Structures are given as C-alpha cells and as structure tokens.
Amino acid sequence: MIDEKIMVVDFGGQYNQLIARRIRQMSVYSEVVPYTISLDELRKDDVKGIVFTGGPNSVYLESSPKIDKEIFRLGKPILGICYGAQLLAYELGGSVAKAQESEYGNTRLFVEKSRLLRGVSPETDVFMSHTDYIDRIPEGAVLTSYTKRCPTGSFEDEKRKIYATQFHPEVEHTVEGQKILENFVLDICGCHQSFLKSSFIQDKIQEIREQIQDRKVLLALSGGVDSSVTAALLSKAIGKQLTCVFVNHGLLRKNEAEQVSSVFSHYDLNFIPVDASELFLERLKGVTDPETKRKIIGKTFIDVFKEEKEKLGTIDYLAQGTIYPDRIESGLGISATIKSHHNVGGLPKDIGFQGLIEPLDHLFKDEVREVGRELGLPSELVDRQPFPGPGLAIRIVGEVTREKIRIVQDADFIFREEIRKHHLQDRTSQYFAALSNMRSVGVMGDFRTYDYAVVLRAVETDDFMTAKASDLPPSFLAFVASRIVNEVKGVNRVLFDYTSKPPSTIELE
C-alpha cells in the first residue's frame, strides 16, 4: 500500500526518470506524470510533494507547456528544476530571458542561507544545462544561490512552499545533489521512507489475488530478472493458476534456451518451453528499422502466446515482467519515445487476453532485485545481467539473418567468457557483444577480407537510467578482439563503445 508519494511532473525533460529514481533511493515512492495531469490527482492526500522537471522549451513562448496556476493553491511543496524553476518564476511574477552565455556542464555554485540547500557547502559543483535564465525572481522569494554566469542558481519562498534550482540536483555531476533532494523530500515534504521496506510484497500479493480471483494467468517468462521475479510473485499469489511460457525466438545468447529450461524445470511452476525461432526470423526478414523490429517482435510474442492459450484452454490474463524504465522509455509523460519496448509500445492493441498483469511496472531494476531477494530467489537469477526482450535483434544493426545471429552469439560468448576468466565482473554492470552494419576491408594471411565489425559494450550503472563506459584494461580488450577476429568467421574488426547514457542508450538499437 503506497500511502505517500512525490509526483514528478514531466515537461519533456531528459532526466525525468532520473529524478524519480533519486527519490526512490530514499525509500520514498515517486511517479512520473505528464504536465497535463489533473489537479484532482495532485490534490490527493497521499501526494506529499511535487517536482517540476526540466524541458527543452522557453517558458515565455506561447507554445511552451504550462500548468494550471491553481496548483499553487494546493498547499503542496513544489520543487522546480531547470525549466521547472523558470516556469515557477514566470508564473509567480518573476521574469525569464535568454542568457547571453549558455551554461552547460559542471559549474561552481555559491550558496546562501536556504532550507532547500541546508547542509550544502558554501561553494559546490553543480550540473547546468540551460540557454534561458531567471533574471528576476518572484516577489516574496529569496535568492539562495548563484554562479558567475547565472545570477539565479536557486530561489525559494517558504511561505508558499516554492523551491527552485536552475541546476540539476538529480545528475551525479551535482556533487551534493542527493542531499538537496533529501532536504526537499524528507524535510520539506516530511516523507517517511517506507516504500519497499516491508509491505510491498504482501500488498502486491493481495492486489493480485483480488484482481485474478479464480481465473488463470499465462506469464511470458524469459528467464531474465524481471520475468523471474514476476513468476515468483505470481506463484506466491495464485499458485497453480499460473502457467509460465518460455518462448525461444531464436535471438537468445549462445546456449541460453537450454540454460533457462534447465533452471526453471526445477521450480514448482507450470513451465512450458516453446521454440518459435523460425516464425520470428521469417517475420524479421528484410526489416532494418529498430522500431519496426520491436513492434514485429512484440506482435509475434502475442501471437505465440495466443496459440499456447488455445492449447491450454481457458486463460484470462497475460502477465509480463514490465518495469518502470520500460514504460518511461516507451513514451510515458510527454518526453520523446526513446525506444518502444516490445512489451509496452511494441504490443498490438488486441492482445487476445482479458487483461495484462504487470506487478513490477512501477519498480526500477534495483528495486526488482530487492523484491527478488525478499522472495528468496537465488543470486544467479536475481543478479543476472539484463537481457532485452527482443534479444539479439536489437544487438544487430540492420537486417537480422542467421549468419549475423551466429556471429553475435559467438563473439558475445567469447567476451563474456573472458570477463569471467579475468575476474572483471565487478567492474561492469552489463556487458555484451553487438554487430554493427559496417563492413570493411581486412587481411587474413595473404587474403583480402570484407567482413563485419563487432562492437563490444560494457557499462557501469546503478539504475540503468544513466550509465558510463566501464574502465576495462586496454590489454584485456585487445586480447578479446584478437580472439573474436581469429575465432568468429565473418569478423575482421572489433570496436569498443565508450559512449555514456545519455546521449546513447545501453543497447545499440
């Protein structure tokens, strides 16, 4: 039962999900909602505070997103970040203008006395990303920080419970950002840090039982962390009313289909493996666009589940291991759709079931792992690296073919094997090999080759919302590249992806 929450009102900011995640780290529930949300939703007693996100617009333009001014009469504490701060200033009688010099990246902030910035150093580094600035704060507000380029780093009006930062406290480059968010959520909003501490599992089990009653559920079980935790939760809730279907779409890692079947055959589940690899590969033939791939895969999964449903008799619900980042990246709020996850934006309108069961759809990845541990799942399942539902289809740039699948499986197997042999697992959160669509000239022996380039990707992250490239030894990468080129037919070049998220995503497509 969620009895208190912070609402993150999205104005199109690229860090909307990161704000929510930072608040979740305090064991306080937070939810991303569009700026068009009704005031009735924000007026509810369980809403303890509101955060306005950043966004790409200028508040003084007629076309820019705004919010009903009645929100300031609700009596809820409001924190505005970047565009959100400018919107607060603009709507409350201050003014915003285009800056002569934009600020991007790390900036030294000079801090004045402030409730929001309590405990923050007099001088601290923050992350700025703006072209407009607040040149006059609202009447009754107090300036609480500034930079050499920006006269308003932050302001607040305690009487009206208004707090604003031009900088981004949610970004890790803001050194004391978490402290600032804690001041808002725990001190100003008075939240109690109760989310996921004890009652989530029992509350969710009760909710599932009330929804399902005596009906039956088919779970799309991939063997990954999210679907495994979903299986354990549903099993506790409805027992033999659950059937778990594992679909081999032919886009799994090397030997993975056999491994998943082996693991789950030891659990007390109605576990059904289905080999649909030929169907998926046929439907993906000639397709190069990544969004189209995801939608084809989403629809084909549903078709397979419908077919299994017919074999099994009466099945009312389809269950999935959908988590919060899936929903956000598929276009929750008003932010741009980063990529349609096959289990969200990739689903057809008619799924052929009475409804969807997604018990983890408000949790981030590390929260899902925590629930898994509470449910008693073994570490080999709970701590398993994420593997995308569309599988190798989004680790292969361009058309998916059997040859490309074989190349990626073999290269990935070598990379993962060497990570383990060199004991580098603790230096990276997720690592894999992918295949670019680039072919280039090479030489092997005395012969010319014209083969593919494999891309190695390894990242460090705690929430999979942001990530940076893992610092793997160059000598190790050179050794892995040599093995791949020598052992994987069709490859003559190996690249390492050093890009962070953002601006890239963790997967290639």
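Quick look at the structure, then. (Residues numbered from 1 in each chain as written. Predicted model: local features only at pLDDT ≥ 70, side-chain atom pairs only at ≥ 80, totals over all residues. Heavy atoms only, no water.)

## Brief notes about the overall build of the protein
Stage number 1. Within the protein, the regular secondary structure consists of 14 helices and 18 strands.
Stage number 2. Against the globule reference of 23 Å for 509 residues, the protein gives a C-alpha radius of gyration of 25 Å, in line with a compact fold.
Stage number 3. Burial status across the protein gives 59% buried among its 509 residues.
Stage number 4. Taking contacts inside the protein between residues at least 6 apart in sequence as the whole, the part at least 24 apart equals 75%.
Stage number 5. Surface exposure of the protein reaches about 21,900 Å², of which carbon and sulfur atoms provide 47%. (Helix = DSSP H or I, 4+ residues; strand = E, 2+ residues; numbered from the N terminus. Rg over C-alpha atoms; globule rule 2.2 N^0.38 Å. Buried < 20%, exposed > 50% of the residue type's maximum accessible area, 1.4 Å probe, protein only. Contact = heavy atoms within 4.5 Å. Areas by Shrake-Rupley, 256 points an atom, 1.4 Å probe, with all protein chains shown as cover.)

## Observations concerning the nonpolar core
Side chains of nonpolar character tend, in soluble globular proteins, to be buried together.
Stage number 1. Counting residues in hydrophobic clusters, the biggest one holds 88 residues, and the most contacted among them are Leu251, Phe305, Phe415, Val454, Leu456, Leu472 and Ile484.
Stage number 2. Examining the composition of this core, we find that eight residues originate from one element, helix α6 (residues 225-238), more than from any other.
Stage number 3. Apart from the residues within four sequence positions on either side, Leu472 is in contact with Phe415, Ile419, Leu424, Arg427, Ala458, Leu477 and Phe496.
Stage number 4. Counting residues in each nonpolar core, the second largest holds 31 residues, with Val8, Met128, Phe167 and Ile180 among its members. (Core = buried A, V, L, I, M, F, W, Y, C linked by side-chain atoms within 4.5 Å.)

## Here's the deal with the packing of aromatic side chains
Stage number 1. Throughout the structure, instances matching the rule amount to 16 aromatic pairs.
Stage number 2. Measuring from centroid to centroid gives 6.4 Å for Tyr15 and Phe127, while their planes differ by 80 degrees, and the two rings are edge-to-face. One end of the pair, Tyr15, is in the loop between β1 (5-10) and α1 (16-24); the other, Phe127, is in strand β6 (residues 123-136), with 112 residues separating them in the sequence. An identical accessibility class is assigned to Tyr15 and Phe127; each is buried.
Stage number 3. With a centroid separation of 6.0 Å and an interplanar angle of 15 degrees, the aromatic rings of Phe264 and Phe271 are classed as stacked.
Stage number 4. We classify Phe264 as buried; its relative accessible area is 3%.
Stage number 5. Here the aromatic cluster, defined as three or more aromatic residues joined through ring pairs, consists of Phe11, Tyr35, Phe52 and Tyr83. (Phe/Tyr/Trp six-rings, centres within 6.5 Å; stacked < 30°, edge-to-face > 60°.)

## Points about the state of the cysteines
Stage number 1. Applying the stated rule across the entire model yields zero disulfides.
Stage number 2. Looking at the unpaired Cys82, the closest cysteine sulfur is the one in Cys150, lying at 9.5 Å. (Disulfide = S-S within 2.5 Å.)

## A short note on the sheet that holds strand β9 (residues 162-165)
Stage number 1. On the basis of which strands lie adjacent, the open sheet formed by nine strands has the order β2-β1-β3-β4-β9-β8-β7-β5-β6 and mixed pairing. At either end of the open sheet lies a strand with only one pairing partner, and these are β2 (29-34) and β6. Mean inter-strand twist for the sheet, computed between neighbouring axes without regard to direction, equals 20 degrees.
Stage number 2. Pairing of strand β5 (residues 95-111) with strand β7 (residues 142-146), which is carried by two bridges, proceeds in the antiparallel orientation. In the sheet register, Phe110 faces β7, and the bridge partner there is Tyr146.
Stage number 3. Packed onto the sheet, helix α3 (residues 83-91) meets β3 (47-52), β4 (78-81), β5, β6, β8 (154-157) and β9 and runs at close to 120 degrees relative to β4. (Pairing = 2+ DSSP bridges. Axes fitted to C-alpha atoms, helices over the stretch in contact; angles between N-to-C directions.)

## Overview of the layout of surface pockets
Stage number 1. The calculated volume of the largest pocket comes to roughly 610 Å³.
Stage number 2. If you trace the largest pocket, you find 23 residues lining it, with Arg253, Gln259, Arg384, Arg416 and Arg420 closest to the centre.
Stage number 3. Elements supplying a minimum of two residues to the lining of the largest pocket: α7 (256-264), α12 (379-382) and α13 (402-421).
Stage number 4. Here the residues of the lining of the largest pocket sort into six nonpolar, eight polar and nine charged. (1 Å grid on protein atoms, 1.4 Å probe; cavity = no way out; pocket = protein on both sides within 12 Å on 5 of 7 lines; lining within 4 Å. Points joined across faces, edges and corners; volume = space filled by probe spheres on them. Nonpolar A, V, L, I, M, F, W, Y, C, P; charged D, E, K, R; others polar.)

## Topic: the pairing of β8
Stage number 1. A two-sided burial pattern is seen for β8, the buried positions comprising Ser154 and Glu156 on one face and Phe155 and Asp157 on the other.
Stage number 2. Sheet topology note: the β7/β8 ladder contains three bridges and is antiparallel. Bridging from a neighbouring strand, Leu143 pairs with Phe155 of β8.
Stage number 3. In terms of strand pairing, β8 meets β9 through four bridges, oriented antiparallel. In the strand pairing of β9, Glu156 is matched with Tyr163.
Stage number 4. Where β8 hands over to β9, the hairpin turn is made up of four residues, of which Lys161 adopts a positive phi near 60 degrees.

## Here we look at the pairing of β4
Along a regular strand, successive side chains alternate from one face of the sheet to the other.
Stage number 1. Burial along β4 is two-sided: the face carrying Ile78 and Gly80 and the face carrying Leu79 and Ile81 are both buried.
Stage number 2. The sheet contact formed by β3 and β4 spans three bridges and is parallel. Counterpart to Val51 in the pairing with β4 is Leu79.

## A word on the packing of helix α5 (residues 200-212) against α6
Stage number 1. Running from amino to carboxyl end, α5 crosses α6 at an angle of 60 degrees, the nearest separation of the two axes being 9 Å. Where α5 crosses over α6, the two elements pack in a sense that is right-handed. Contact residues: Ile201, Lys204, Ile205, Ile208, Arg209 and Ile212 in α5; Leu233, Leu234, Lys236, Ala237 and Ile238 in α6.
Stage number 2. Split by residue class, the contact of α5 with α6 holds eight nonpolar, no polar and three charged. (Left-handed = near helix turned anticlockwise from the far one by under 90°.)

## Here's the deal with the pattern of salt bridges
Stage number 1. The tally for this structure, following the rule as stated, stands at 32 salt bridges.
Stage number 2. Residues Glu367 and Arg21 are paired through a salt bridge, measuring 3.9 Å at the closest nitrogen-oxygen approach. With Glu367 in helix α11 (residues 365-374) and Arg21 in helix α1, this pair connects stretches of sequence that are 346 residues apart.
Stage number 3. Overall, the relative accessible area of 4% leaves Glu367 in the buried class.
Stage number 4. We note a salt bridge from Arg483 to Glu417, for which the minimum N-O separation is 2.8 Å. (Salt bridge = Lys/Arg side-chain N within 4 Å of Asp/Glu carboxyl O.)

## Side note on the packing of α13 against helix α14 (residues 474-487)
Stage number 1. Viewed as axis vectors pointing N to C, α13 and α14 meet at an angle of 145 degrees, and their least axial separation amounts to 10 Å. Note that α13 runs across α14; the crossing there is right-handed. Contact residues: α13 offers Ala411, Ile414, Phe415, Glu417, Glu418 and Ile419, while α14 offers Phe476, Phe479, Val480, Arg483, Ile484 and Glu487.
Stage number 2. In terms of residue class, the contact of α13 with α14 is built from eight nonpolar, no polar and four charged.

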